[in-house]
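# A structural walkthrough
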Amino acid sequence: MPKLADRAAECAERLRAAEEVLLASHIDADGLTSAGIAATALERAGIPTTTVFKNQLDDEEIASIAARDVQTVLFTDFGSGQLDAITKHEQRGDFEPIVVDHHQPADAETRYHLNPLLEGIDGASELSGAGASYLLARALEGDEQDNRDLAALAVVGAVGDMQAVGGELVGANRAIVADGMDAGVLEEATDLALYGKQTRPLPKLLEYADQPQIPGVSGDEAGAIDFLESLGIELETEGEWRRWVDLAAAERQTVVSGLVQRGVERGVPADRIESLVGTTYTLSAETQGTELRDASEFSTLLNATARYERADVGLAVCLGDREEALERARRLLANHRRNLSEGLEYVRENGVESGEHVQWFDADDAIRETIVGIVAGMALGLPGVERDRPIVAFARKSEDERKVSARGTATLVRQGLDLSSAIHAASVAVGGDGGGHDIAAGATIPTDRREEFIDRLESAITEQLT
């Protein structure tokens, strides 16, 4: 990544010259880890920094940043798509922007801009916002400072940004994984590819497994217990449920073999069975059996903070607080899980509407606008929700605005789906704005133009897929 490294070096040089820096970042797991990496690197470099988080970087929020009267503003995990608005403030002398992002850039240009897409690297699958921040952190290293330990957070951000869906991290992310392993903060392995291996009791781990669904096990607590007992797996130790991390290697192999055999016997497609095993990323420095030990669980914990107006908690965890902030994050996570479960139940009960190449639901205020995109992604594959077309979710942002969140699949992207361009074009056409990645994107639109937005989105995606 030599050209990206050059861009990172230019940004780092400008930051070193700043008297103080205002760091503005997005609120999802990738945004929080981006901020955590950047804030740590800036502190180590002795650069005074204040951090703020924004759910969406629109004209109003950019103006609020300008009003803080800080000369140097570092944007992480957003900013590229809003360069037209940002550069207006730059030209007026309100602040000098340094943009470190991986989303589709707007047509405007600014001097300090670190984005993989500018160098032909896919920002949706090869380098996340946290990965771009990691490159900046490496460029900020001094003679005696090694920031490779921050590779662990960069991997959490990439996993949280769905860049490891269907397997291991690829592209520029591979170099970051290698750095983390060399620094002793990251382990890469082939293991059971189910969520919750660190924290969930064994029966719950299998009961909640739905990608793929194993007949007689998934969604069936008693069935999961019977399955494990039939394999001779001891479920409890000293009255406590065992977790996947508590199993010996031979026990893990027994469970995986049993799941494969059950899947074959019950007619689960071969490609779904193969997805039971995949590449996993473990944070070596974190305590075993905690959410922070597994990159996927860590990212979910972070999502449970800023999406409920507690970005400070998520950032504190990223910066190393393993006491008060971590406990607060765990309480927020429990609430987050309840809300996601209720959101999925809403989709099950109300279903989706379908066009030729798009399906959608409008949750109004039944699902928080900060998590409706997560619910949409989880809903793909539910009964009545097809995986052969993207899903679009609407939620109330204000009395006159709707938040739009769209999710696709890797298969659809290979067929030509680009939600970023489709969402952007459709939202701008109805007086809104939006963008993102080919596999996931979002927007804000006027509520009374929702139907027109759907029609325009349908047309754009039909053209892409046909």
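Criteria and cut-off values
Residues numbered from 1 in each chain as written. Predicted model: local features only at pLDDT ≥ 70, side-chain atom pairs only at ≥ 80, totals over all residues. Heavy atoms only, no water. Phe/Tyr/Trp six-rings, centres within 6.5 Å; stacked < 30°, edge-to-face > 60°. Helix = DSSP H or I, 4+ residues; strand = E, 2+ residues; numbered from the N terminus. Buried < 20%, exposed > 50% of the residue type's maximum accessible area, 1.4 Å probe, protein only. UniProt positions renumbered as here; feature names shortened; annotations may be inferred. Pairing = 2+ DSSP bridges. Right-handed = clockwise from strand over helix to strand, strands pointing away. Core = buried A, V, L, I, M, F, W, Y, C linked by side-chain atoms within 4.5 Å. Contact = heavy atoms within 4.5 Å. Axes fitted to C-alpha atoms, helices over the stretch in contact; angles between N-to-C directions. Left-handed = near helix turned anticlockwise from the far one by under 90°. Nonpolar A, V, L, I, M, F, W, Y, C, P; charged D, E, K, R; others polar. Patch = residues over 30% accessible without salt bridge, like charges linked within 9 Å, V, L, I, M, F, W, Y side chains within 5 Å. Areas by Shrake-Rupley, 256 points an atom, 1.4 Å probe, with all protein chains shown as cover. Salt bridge = Lys/Arg side-chain N within 4 Å of Asp/Glu carboxyl O. Lys, Arg positive; Asp, Glu negative; His and termini not counted. Charge placed at Lys NZ, Arg CZ, Asp CG, Glu CD. Domains from an automatic or database assignment. Buried area = accessible area lost by both parts, 1.4 Å probe.

Applying the stated criterion to the full structure yields three aromatic pairs. Relative to Phe-95, the ring of Phe-75 has its centre 6.0 Å away and its plane inclined at 55 degrees; by these criteria the two rings are tilted. Residue Phe-75 is located in strand S3 (residues 72-76), and its partner Phe-95 is located in the loop between helix H4 (83-92) and strand S4 (96-100); the two are separated by 20 residues in the primary sequence. You can call Phe-75 buried: its relative accessible area is 0%. Looking at Phe-95, the relative accessible area reads 1%, which means it is buried. The rings of Phe-75, Phe-78 and Phe-95 are connected pair by pair, giving a single aromatic cluster.

The next subject is the UniProt feature "domain: DHHA1" (unreviewed entry) in the protein chain. Under the present numbering, the feature "domain: DHHA1" (unreviewed entry) in UniProt falls on residues 371-462. Helix and strand shares over residues 371-462 are 40% and 26% respectively, and the end C-alpha atoms of the span are 27 Å apart.

Bridge analysis of strand S10 (residues 353-354) against strand S11 (residues 359-362) gives two bridges, and the strand direction is antiparallel. Within the sheet, the bridge partner assigned to Glu-353 lies in S11 and is Trp-360. Joining the antiparallel neighbours S10 and S11 is a turn of four residues. As defined by bridge partners, S11 adjoins strand S12 (residues 391-396) across four bridges and the pair is classed as parallel. Its bridge partner being in S12, Asp-362 is matched across the sheet by Phe-394. Taken together, S11, helix H15 (residues 372-379) and S12 constitute a β-α-β crossover, and its handedness is right-handed.

Attention shifts here to the nonpolar core. The biggest cluster of nonpolar side chains holds 87 residues, and the ones touching the most others in it are Leu-15, Leu-74, Leu-136, Val-155 and Phe-361. Not counting chain neighbours up to four residues away, the residues in contact with Leu-136 comprise Ala-8, Cys-11, Ala-12, Leu-15, Leu-74, Val-100 and Leu-114. Counting residues in hydrophobic clusters, the runner-up holds 22 residues, among them Ile-214, Leu-235, Val-268 and Ile-273.

With that settled, consider the packing of helix H1 (residues 2-16) against helix H5 (residues 129-139). At a closest axis distance of 8 Å, the pairing of H1 and H5 adopts a crossing angle of 65 degrees. The chirality of how H1 crosses H5 is right-handed. Facing H1, whose interface residues are Leu-4, Ala-8, Ala-9, Cys-11, Ala-12, Leu-15 and Arg-16, H5 presents Leu-135, Leu-136 and Ala-139. Looking at the contact of H1 with H5 residue by residue, the class counts come to nine nonpolar, no polar and one charged.

A separate point is unusual backbone geometry. A positive phi angle, close to 65 degrees, is found at Asp-77, a residue other than glycine. For Asp-77, the location among the structural elements is in the loop between S3 and H4. Of note in the backbone geometry, Met-162 takes a positive phi value of approximately 65 degrees without being a glycine. Structurally, Met-162 is set in the loop between helix H6 (151-160) and helix H7 (173-182).

Successive side chains on a regular strand alternate, one facing one side of the sheet and the next facing the other. With five of its seven residues buried, strand S9 (residues 277-283) lies for the most part within the structure. Summarising the sheet, strand S6 (residues 186-192) and S9 pair through seven bridges and their orientation is antiparallel. Each bridged residue has a counterpart across the sheet, and for Glu-188 the counterpart in S9 is Tyr-281.

Once that is clear, we can look at the sheet that holds S4. Ordered by their spatial adjacency, five strands build an open sheet running S2-S1-S3-S4-S5, and the pairing between neighbours is parallel. Strands with a single pairing partner mark the edges of an open sheet, and in this sheet they are strand S2 (49-53) and strand S5 (112-114). On average, adjacent strands in this sheet sit at an angle of 20 degrees to one another, irrespective of strand direction. Looking at chain direction, strand S1 (residues 21-25) and S2 are connected through five bridges and run parallel. Across the sheet, Leu-22 pairs through a bridge with Thr-50, a residue of S2. Taken strand by strand, H1 contacts S1, S3, S4 and S5, and its axis lies near 135 degrees from that of S5.

Bringing the UniProt feature "domain: DDH" (unreviewed entry) in the protein chain into the picture now. Using the residue numbers shown here, the UniProt feature "domain: DDH" (unreviewed entry) corresponds to residues 21-157. Along residues 21-157 the backbone is 38% helical and 17% strand, and the end-to-end C-alpha distance reaches 22 Å.

On the surface, a cluster of negative charge is contributed by Asp-59, Asp-84, Asp-107 and Asp-433. On the secondary structure map, Asp-107 appears in the loop between S4 and S5. Owing to a relative accessible area of 81%, Asp-107 belongs among the exposed residues under this scheme.

Once that is clear, we can look at the domain arrangement of the protein chain. Reports of interface size often rely on the accessible area that becomes lost once the parts have come together. Parsing the protein chain into structural domains produces domain 1 (2-159 + 171-179), domain 2 (192-338) and domain 3 (351-465). Of note, the centres of domain 2 and domain 3, computed from C-alpha atoms alone, are 29 Å apart. Across the domain 2 to domain 3 interface the summed buried area is about 550 Å²; carbon plus sulfur atoms make up 46%. Contact with domain 3 buries surface across domain 2, with Gln-211, Arg-307 and Tyr-308 losing the most and accounting together for 67% of the total. Joining domain 2 to domain 3, the criterion identifies one salt bridge.

Moving on, we get to the packing of helix H17 (residues 419-429) against helix H18 (residues 450-465). A pair of packed helices is captured by two measures, namely the crossing angle of their axes and the spacing between those axes. In contact at an axis separation of 9 Å, H17 and H18 are set at 150 degrees when each is read in the N-to-C sense. The handedness of the crossing between H17 and H18 comes out as right-handed. Here H17 contributes Leu-419, Ser-421, Ala-422, Ile-423, Ala-426, Ser-427 and Ala-429 to the contact with H18, which in turn contributes Glu-452, Phe-453, Arg-456, Leu-457, Ala-460, Ile-461 and Gln-464. Broken down by class, the residue content of the contact of H17 with H18 amounts to nine nonpolar, three polar and two charged.

What follows deals with the sheet that holds S11. Pairing is mixed across the open sheet formed by six strands, whose spatial order is S10-S11-S12-S13-S15-S14. The open sheet is flanked by S10 and strand S14 (433-436), the only strands paired with a single partner. Strands strand S13 (401-407), S14 and strand S15 (440-446) of the sheet are contacted by H17, whose axis makes an angle of about 180 degrees with S14.

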